[in-house]
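Now for the letters of each chain:
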Amino acid sequence: MVTLTQEAKDKLRTLIAEEADPHTGLRVQVVPGGCSGFEYDLSLAPPADGDEVLEEDEGVRVIIDRFSVPYLLGVELDYEEGFQGAGFLINNPNASASCGCGKSFQA
């Protein structure tokens, strides 16, 4: 469903290790909003009832709520650090369009 690049795994392992709850993972959600209809919401959290929990290798867990599952099929999550900042990048083959700022998308 969601794949992670090595850079994303490395960063997430570091972030998750700083959390007190051993069940913490990366929660990836699609929420209504933005100028194109949907936005991504990334956070560190333990799973809730009904969530899909993907156990990645190398100790990284990805958590997705049921609403978001169809929008995230085939997504690749990457992490980049550069001159203009650092952050996670989402390559979503389900996005039919996105806004100029890259923060929201249409499915």
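Refer to the structure presented above.
In this report, we go over the structure that sits alongside the text. All figures in this text were calculated on a predicted structure; none of them were measured in a lab.

Cut-offs and rules
In this numbering scheme, every chain counts its residues from 1 along its sequence in written order. Thresholds applied to this predicted model are a pLDDT of at least 70 for local features of residues and 80 or more for the giving and counting of side-chain atom pairs; totals over whole chains, interfaces and linings are not thresholded and use all residues. Neither water nor hydrogens contribute to the side-chain values; these are computed over all heavy atoms in the structure. What counts as a helix is a DSSP run of H or I of at least four residues, what counts as a strand is a run of E of at least two, and both are numbered from the N terminus. When a residue's accessible area, from a 1.4 Å probe over protein chains only, is under 20% of the maximum for its type it is buried; when over 50% it is exposed; and in between it is partly exposed. In this description, contact between two residues means that some pair of their heavy atoms is separated by no more than 4.5 Å. Each helix should span, by expectation, one fewer than its residue count multiplied by 1.5 Å. Note: the arc covers the axis-to-C-beta directions of the helix.

## Quick look at the environment of valine 28
Topologically, valine 28 is positioned in strand S2 (residues 25-33). On the basis of relative accessibility, which here comes to 4%, the residue valine 28 falls in the buried class. In this structure the C-alpha to C-alpha distance between valine 28 and alanine 45, which are 17 residues apart in sequence, comes to 9.9 Å. Beyond its immediate chain neighbours, meaning those up to four positions away, valine 28 contacts Asp41, Leu42, Val62, Ile63, Ile64, Asp65, Ser68 and Leu72.

## Concerning helix H1 (residues 6-17)
At 3.6 residues per turn, the α-helix brings residues three or four places apart onto the same side. Compared with the 16 Å implied by 1.5 Å per residue over twelve residues, the 17 Å span of H1 between its first and last C-alpha is a close match. Those residues of H1 lying buried are Ala8, Lys9, Leu12 and Ile16. With its buried residues spanning 95 degrees around the axis, H1 presents them on a single face.

Bear in mind that shape data such as this cannot, by itself, settle questions of function.
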